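Per-entry structural report
Each chain, written out:
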Amino acid sequence: MTKKLMSVHEVAKLTGTTARTLHYYDEIGLLKPTEVTEAGYRMYDDAALGRLQNILLFRELEFPLKEIKVILNSPDFDPSEVIDQQIKLLELQYKHIGELINFTREIQKKGVTAMNFDVFDKSEIEKYEAEIKAKWGNTKAYQEYMQKDIARNGGSYSKAANQLLTMFSELGKLKHLNPDADEVQNKIAGLQQFITDNYYVCTNEILSGLGEMYVCDERFRNNIDKAGGDGTADFVRQAIVVYCSKKRV
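Quick summary incoming for the structure in this document. (Residues numbered from 1 in each chain as written. Predicted model: local features only at pLDDT ≥ 70, side-chain atom pairs only at ≥ 80, totals over all residues. Heavy atoms only, no water.)

Quick notes on the side chain of glutamine 192
Mapped onto the elements of the fold, glutamine 192 is located in helix 8 (residues 182-198). By relative accessible area, which is 11% here, glutamine 192 ends up buried. Those residues in contact with glutamine 192, other than ones at most four positions away along the chain, are Cys202, Thr203, Asn204, Leu207 and Tyr243. (Helix = DSSP H or I, 4+ residues; strand = E, 2+ residues; numbered from the N terminus. Buried < 20%, exposed > 50% of the residue type's maximum accessible area, 1.4 Å probe, protein only. Contact = heavy atoms within 4.5 Å.)

What follows is the structure, encoded as structure tokens:
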């Protein structure tokens, strides 16, 4: 049985995207054609169309192309789980838009004196987006480095890994302070630099994702809480949120 393939122009017409966009996705390795004919025409099968559908959904959710590529290329990528996550994000956005519509109608009725800046708060959406990125992106990268680190040292934690646990222990001793306290924020800056020096370049975006992972991934939460005491993982996440928000200003 011969599989049905579609050309660039057929895919563009079907999906509402453009041929130029499909060419660009190919160039950056986001969506490769199933095959290329001898004449140089890109052809796509149902699997490629399924991947394109995921790309377009994530684009509607305002995910950058680079992050979409990381998610779709994750070795642990689970289409059904991703669909659930996309639905949750769409529902959060639907709720947010509904609140904005109601607020705008209130302004229409009462005039500009109707003040409510809470409706512009997208923190719930941003938090869930960070969890998705941590799940499919930063989590895997971090675990790979930790696994390599352990493998290099005969199955035991290396000096660097133990130092990292010590940093969490020190942060745990500061839980009585506010996450935005200078002493806490200095520790977070040190954590970011330590990860960069020993594992990979830890940008603010990656650090933010790691913070979510420390809470959402049970294995990391347990290890961090074991090092610094109950609640340390959540405290570190809160401190990272403050640190990254200040760094963006």
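Describing the packing of helix 7 (residues 159-172) against helix 8
The N-to-C vectors of helix 7 and helix 8 enclose an angle of 170 degrees; their axes lie 11 Å apart at closest approach. In terms of orientation, helix 7 and helix 8 fall into the roughly antiparallel class. Every residue of helix 8 that contacts helix 7 at Ala160, Gln163, Leu164, Met167, Phe168, Glu170 and Leu171 is listed here: Val184, Lys187, Ile188, Gly190, Leu191, Phe194 and Asn198. Its residues assigned to classes, the contact of helix 7 with helix 8 comprises nine nonpolar, three polar and two charged. (Axes fitted to C-alpha atoms, helices over the stretch in contact; angles between N-to-C directions. Parallel < 35°, antiparallel > 145°, perpendicular 65-115°, else oblique. Nonpolar A, V, L, I, M, F, W, Y, C, P; charged D, E, K, R; others polar.)

A few points about the sheet that holds strand 2 (residues 35-36)
Sheet architecture is open: three strands sit in the order 1-3-2, paired in antiparallel fashion. Each edge of the sheet is formed by a strand with only one pairing partner; in this case those strands are strand 1 (6-7) and strand 2. Sheet topology note: the strand 2/strand 3 (residues 42-44) ladder contains two bridges and is antiparallel. Across the sheet, residue valine 36 finds its bridge partner in strand 3, namely arginine 42. (Pairing = 2+ DSSP bridges.)

Notes on the environment of alanine 12
Mapped onto the elements of the fold, alanine 12 is located in helix 1 (residues 8-15). Alanine 12 gets classed as buried once you look at its relative accessible area, which sits at 11%. Separated by 10 residues in the primary sequence, alanine 12 and leucine 22 place their C-alpha atoms 7.8 Å from one another. Aside from chain neighbours lying at most four places away, what touches alanine 12 is Thr17, Thr18, Ala19 and Leu22.

Focus: the packing of helix 9 (residues 204-216) against helix 10 (residues 218-228)
As a packed pair, helix 9 and helix 10 sit with axes 5 Å apart at the nearest point and diverge in direction by 85 degrees. Considering their axes alone, helix 9 and helix 10 lie roughly perpendicular with respect to each other. Listed contacts from helix 10 to Met213, Tyr214, Val215 and Cys216 of helix 9 are Glu218, Phe220, Arg221 and Ile224. Of the residues contributing to the contact of helix 9 with helix 10, the split by class is six nonpolar, no polar and two charged.

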